[in-house]
Amino acid sequence: MDATTAPKQIWPPWCLLLFLLLLPGGSRGSCPAVCDCASQPRAVLCAHRRLEAVPGGLPLDTELLDLSGNRLWGLQRGMLSRLGLLQELDLSHNQLSTLEPGAFLGLQSLLTLRLQGNRLRIVGPGVFSGLSALTLLDLRLNQIVLFLDGAFGELGSLQQLEVGDNHLVFVAPGAFAGLAKLSSLTLERCNLSMVPGLALARLPALVVLRLRELDIERLPAGALRGLGQLKELEIHHWPSLEALDPGSLIGLNLSSLAITRCNLSSVPFQALHHLSFLRVLDLSQNPISAIPARRLSPLVRLQELRLSGACLTSIEAHAFHGLTAFHLLDVADNALQTLEETAFPSPDKLVTLRLSGNPLTCDCRLLWLLRLRSRLDFGTSPPACAGPQHVQGKSLREFSDILPPGHFTCKPALIQKSGPRWVIAEEGGHAVFSCSGDGDPAPTVSWMRPQGAWLGRAGRVRVLEDGTLEIRSVQLQDRGAYVCVVSNVAGNDSLRTWLEVIQVEPPNGTLSDPNITMPGIPGPFFLDSRGVAMVLVVGFLPFLTSVTLCFGLIALWSKGKGRVKHHMTFDFVAPRSSGDKNSGGNRVTAKLF
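Rules and cut-offs
- Residues numbered from 1 in each chain as written.
- Predicted model: local features only at pLDDT ≥ 70, side-chain atom pairs only at ≥ 80, totals over all residues.
- Heavy atoms only, no water.
- Disulfide = S-S within 2.5 Å.
- Helix = DSSP H or I, 4+ residues; strand = E, 2+ residues; numbered from the N terminus.
- Buried < 20%, exposed > 50% of the residue type's maximum accessible area, 1.4 Å probe, protein only.
- Pairing = 2+ DSSP bridges.
- Polar contact = N/O pair within 3.5 Å; in protein donor to acceptor, adjacent residues only side chain to side chain.
- Contact = heavy atoms within 4.5 Å.
- pLDDT = per-residue confidence, 0-100.
- Axes fitted to C-alpha atoms, helices over the stretch in contact; angles between N-to-C directions.
- Phe/Tyr/Trp six-rings, centres within 6.5 Å; stacked < 30°, edge-to-face > 60°.
- Lys NZ or Arg CZ within 6 Å of the ring centre and 35° of its normal.

Asks: In this structure, what is going on with the state of the cysteines? I would like to understand it.
Replies: Each disulfide consists of one covalent bond between the sulfur atoms belonging to two cysteines. Taken as a whole and assessed by the stated rule, the structure comprises five disulfides. With its sulfur 1.8 Å from that of its partner, Cys-362 forms a disulfide with Cys-385. Judged by the sign of its S-S torsion, about -95°, the bond between Cys-362 and Cys-385 is left-handed. Within this pair, whereas Cys-362 is found in the loop between β22 (360-361) and α4 (367-371), its partner Cys-385 is found in strand β23 (residues 385-387), the two being separated by 23 residues in sequence. Residue classification places Cys-385 among the buried residues on the basis of a relative accessible area of 4%.

The following block contains the structure:
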């Protein structure tokens with residue numbers, strides 16, 4: 001039988017080309033020999049290959065290009081323009097010192113650019129041209145000295161910028177212009193001596209700002225005024241920052257504020273009082289010694305306060321009153337001897353309490369903490385007793401529900417000794433009342449004035465650190481009763497004293513002290529130049545009138561001189577010496593005026 005042979009199929013050349021293009025990886029081209037293209041899809045990994053230039057022959061559909069850890073020294077214009085699909089480019093830890101304007105042209109799909117660990121010195125306009133889709137730029141660990149105006153002007157989609165660990169000394173006012181979508185900025189370990197407020201004001205969408213390890217002495221009022229959308233501010237390790245200006249945070253509406261490892265000696269209440277939406281406040285590692293009562297109450301939405309590693313010695317009663325949502329307190333590694341229940345508005349709402357590393361005295365003031373220990377989150381290290389001696393080193397979790405006698409007890413305060421209960425002092429003199437108490441815990445000593453007001457530690461009438469009441473320049477109105485009150489958490493005791501004031505009369509012919517006035521006695525009268533002039537005029541007028549009258553009388557008398565006779569003539573005959581009547585005598589004629 002004849003066999004029939006079928007005609008052989010012949011494929012046209014264009015079908016073979018189409019087949020090759022449809023094969024997986026057909027559009028990728030060859031992978032550079034020094035790189036790895038198989039570990040990840042659409043990724044070319046050329047890290048740590050001692051490359052001094054960008055390798056050629058990169059696949060056109062590459063989305064990730066890793067050139068980190070090589071010896072690249074420059075990037076010329078258009079060198080990577082063929083990689084239009086590239087989304088992440090890692091050029092970190094090379095020797096790049098210059099980036100020519102337009103070096104990244106053609107990378108319209110690039111989202112992440114890592115340039116940390118190079119030798120870049122100046123970032124000027126045009127360097128990042130063509131990166132319209134870039135969202136993350138990392139410039140850390142370079143030698144950048146300044147950012148010029150318009151340096152980032154073409155990065156309209158950038159959301160995160162990292163510029164730490166540089167030699168940065170100046171940021172031009174228009175350096176951040178054009179970053180309309182930037183939401184996170186980190187400036188750390190630079191040589192900035194002041195906050196670049198004018199440059200930051202060009203970031204309307206900034207949400208997170210981190211300013212770390214900077215040698216800046218102060219945050220001036222209004223420095224961050226233009227950041228109306230800022231929610232999280234971190235200031236870390238500013239050794240020269242000792243206080244916050246009252247208006248330094250004006251214009252902000254923060255939900256989280258961290259000022260850590262600085263040199264603040266007290267909580268900056270005046271700078272914080274307007275932050276009514278603040279939820280987290282971190283002031284750790286500052287030399288803050290106390291939290292006074294009710295000063296945090298304007299922060300009505302505060303939920304967390306962190307003050308670990310500070311110098312806290314006391315948290316006063318009612319310190320957190322007004323904070324209805326407060327549930328986390330971290331005061332670990334301080335010098336607190338106790339933490340009283342009255343510090344919190346609702347202790348049962350407290351969820352997390354970090355109290356380890358404090359020399360706590362386990363007495364009746366910590367009974368509330370013992371009661372809540374089963375549900376409170378103490379972290380990895382629960383608080384332990386530093387005293388009394390019989391419970392020293394024992395964790396609060398180790399105590400049973402039924403306490404042995406003598407555990408967590410207090411001794412009520414009692415007045416131990418006092419000075420004279422009746423003190424007599426002269427007006428303008430000095431009076432001192434002494435009073436001290438005994439108890440466990442050690443009681444505080446307070447004094448009340450006769451009118452019922454508590455006396456403070458400043459002024460003419462003050463309470464000294466040892467509880468002594470001192471009255472300087474005694475006045476009549478100081479006379480009366482003074483009450484000494486010693487108190488602790490277990491009780492109080494009081495003692496009534498009396499001050500008698502002797503009035504001192506000024507000596508005759510002397511003026512009394514013009515600075516001291518008495519009730520019902522008018523004060524001294526002082527004359528100014530105008531008053532002296534009036535007194536002189538009033539005294540001179542009577543004198544002038546008298547002199548004028550005298551001169552008038554003399555004038556009248558002088559007019560009649562020579563016309564009016566004011567004299568008389570008479571004869572005087574001396575008596576005869578003998579009885580001879582006919583003998584003649586001596587006749588004398590005289591005139592009397």
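Picking up where we left off.
Asks: Help me understand the pairing of strand β32 (residues 491-502), please; the structure alone is not making it clear to me.
Replies: Residues in a regular strand point their side chains to alternate faces of the sheet. Note: strand β25 (residues 422-426) against β32, five bridges, orientation parallel. Bridge pairing in β32 places Ala-425 opposite Val-501. Of the pairings in the sheet, the one linking strand β31 (residues 480-488) to β32 comprises nine bridges and is antiparallel in character. Paired with Val-486 across the bridge in β32 is Asp-493. Connecting β31 to the antiparallel partner β32 that follows it, the hairpin turn spans two residues.

Asks: Would you mind going over the side chain of Asn-488 with me for this structure?
Replies: Inspection of the secondary structure assignment puts Asn-488 in strand β31. Of the polar contacts made by the side chain of Asn-488, one reaches the backbone nitrogen of Ala-413; its length is 3.4 Å. Look past the residues within four positions of Asn-488 in its chain and what remains in contact with it is Lys-411, Pro-412, Ala-413, Gly-439, Asp-440, Pro-441 and Pro-443.

Asks: Looking at this model, I keep getting lost on the confidence of the model for the protein chain. Mind explaining?
Replies: On average, residues of the protein chain score 85 in pLDDT, and 83% of them reach the 70 mark or higher. Overall, residues 13-28 carries pLDDT values under 50, and its contacts beyond four positions in sequence, including any with other chains, amount to nine contacts. Residue range residues 509-527 is modelled with pLDDT below 50. Its contacts to residues more than four positions away, or to other chains, number nine contacts.

Asks: For this particular structure, what's the right way to read the sheet that holds strand β29 (residues 461-463)?
Replies: Pairing between sheet strands relies on hydrogen bonds along the backbone, with the strands arranged either parallel or antiparallel. The strand order across the open sheet formed by three strands is β26-β30-β29, and the pairing between neighbours is antiparallel. Edge strands, defined here as strands with exactly one partner in the open sheet, are β26 (430-433) and β29. Between one strand axis and the next, the sheet turns through 15° on average, direction left out of account. Alignment of β26 against strand β30 (residues 469-472), held across four bridges, turns out to be antiparallel. Bridged to His-430 within β30 is Arg-472.

Asks: Help me understand the pairing of strand β15 (residues 256-260) in this model?
Replies: Burial within β15 is extensive, with four of its five residues counted as buried. Both strand β14 (residues 232-236) and β15 contribute to a ladder of five bridges, which runs parallel. Paired with Ile-235 across the strands is Ile-259, a residue of β15. Here β15 pairs with strand β16 (residues 280-282) via three bridges, running parallel. From the neighbouring strand, Ala-258 faces β16, where its bridge partner is Asp-282.

Asks: Could you clarify how one ought to interpret the packing of aromatic side chains in this entry?
Replies: All told, the structure shown has twelve aromatic pairs when counted by the stated rule. Ring plane angle 10° and centroid distance 6.3 Å describe the contact between Phe-104 and Phe-128, whose orientation is recorded as stacked. Here Phe-128 lies in the loop between β7 (122-123) and β8 (136-138) and Phe-104 lies in the loop between β5 (98-99) and β6 (112-114), a separation of 24 residues in the sequence. The same class applies to Phe-104 as to Phe-128, namely buried. Three or more aromatic residues link up through ring pairs in this structure, and these residues are Phe-104, Phe-128, Phe-147, Phe-152 and Phe-176. Positioned above the aromatic ring of Phe-277 is the side chain of Arg-301, whose terminal nitrogen or guanidinium carbon lies 4.2 Å from the ring centre. A cation over a ring is seen here: Lys-394 above Phe-399, with NZ or CZ 4.5 Å from the ring centre.

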